[in-house]
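# Examination of the molecular architecture
Listed here are the chains, written in short residue letters.
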Amino acid sequence: QVQLVESGGGLVQAGGSLKLSCAASGRTFSTYAMGWFRQAPGKEREFVAAINWDGGRTRYIDSVKGRFTISRDNAKNTVYLQMNSLKPEDTAVYYCAADQTFSTISTMSQFWGQGTQVTVSS
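A brief structural summary. What you see is a predicted model, and the numbers here were worked out from it, not measured in a lab.

### Focus: the pairing of strand β8 (residues 78-83)
Counting buried residues along β8, five of its six residues qualify, which places the element largely inside the surrounding structure. Two elements, strand β3 (residues 18-24) and β8, share six bridges in a ladder whose sense is antiparallel. Bridged to Leu 20 within β8 is Leu 81. Where strand β7 (residues 68-73) and β8 come together, six bridges link them in antiparallel fashion. Looking at the pairing, Asp 73 lines up with Thr 78 of β8. Connecting the antiparallel pair β7 and β8 is a turn made up of four residues, with Asn 77 showing a positive phi of about 55°.

### Things to note about the packing of aromatic side chains
Inspection of every chain in the model, using the stated rule, returns three aromatic pairs. For the pair Tyr 32 and Phe 111, a centre-to-centre distance of 6.0 Å together with 70° between the ring planes defines the contact as edge-to-face. Of this pair, Tyr 32 sits in the loop between β3 and β4 (33-39) while Phe 111 sits in strand β10 (residues 111-112), placing them 79 residues apart in sequence. Here the two residues Tyr 32 and Phe 111 agree in accessibility, since each one is buried. Aromatic rings pair up to connect Phe 37, Phe 47 and Trp 112 into one cluster. A cation over an aromatic ring shows up here: Arg 45 above the ring of Trp 112, its NZ or CZ 3.7 Å from the ring centre.

The rules we used
- Residues numbered from 1 in each chain as written.
- Predicted model: local features only at pLDDT ≥ 70, side-chain atom pairs only at ≥ 80, totals over all residues.
- Heavy atoms only, no water.
- Buried < 20%, exposed > 50% of the residue type's maximum accessible area, 1.4 Å probe, protein only.
- Helix = DSSP H or I, 4+ residues; strand = E, 2+ residues; numbered from the N terminus.
- Pairing = 2+ DSSP bridges.
- Phe/Tyr/Trp six-rings, centres within 6.5 Å; stacked < 30°, edge-to-face > 60°.
- Lys NZ or Arg CZ within 6 Å of the ring centre and 35° of its normal.

Coordinates in, geometry out; function isn't part of it.
Pasting the structure below:
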């Protein structure tokens, strides 16, 4: 069992930056691929970024490439999402997820956090 707690959301102006954190419980964190997803009002949840167990592989949706960076610190059981050049369309609740398989985490994840709100004003 993995429990995930996100933090770092907030209100920021367009062009600004935020760094989300996701703290995981359990001694097996380093064996899991981790992902970030988001859900905007009235829309389905979408995959944003993923990172494999050792940080050697990452994947992003096209709309955030070059602006967002996912990273992890296995010693701290934490995964991060650095978000730069934020746009109003990035406004959403952002969720952290964990799964054993990097290749499929974008479509199905085993464990989920409760989410953190990110609001980008124009």
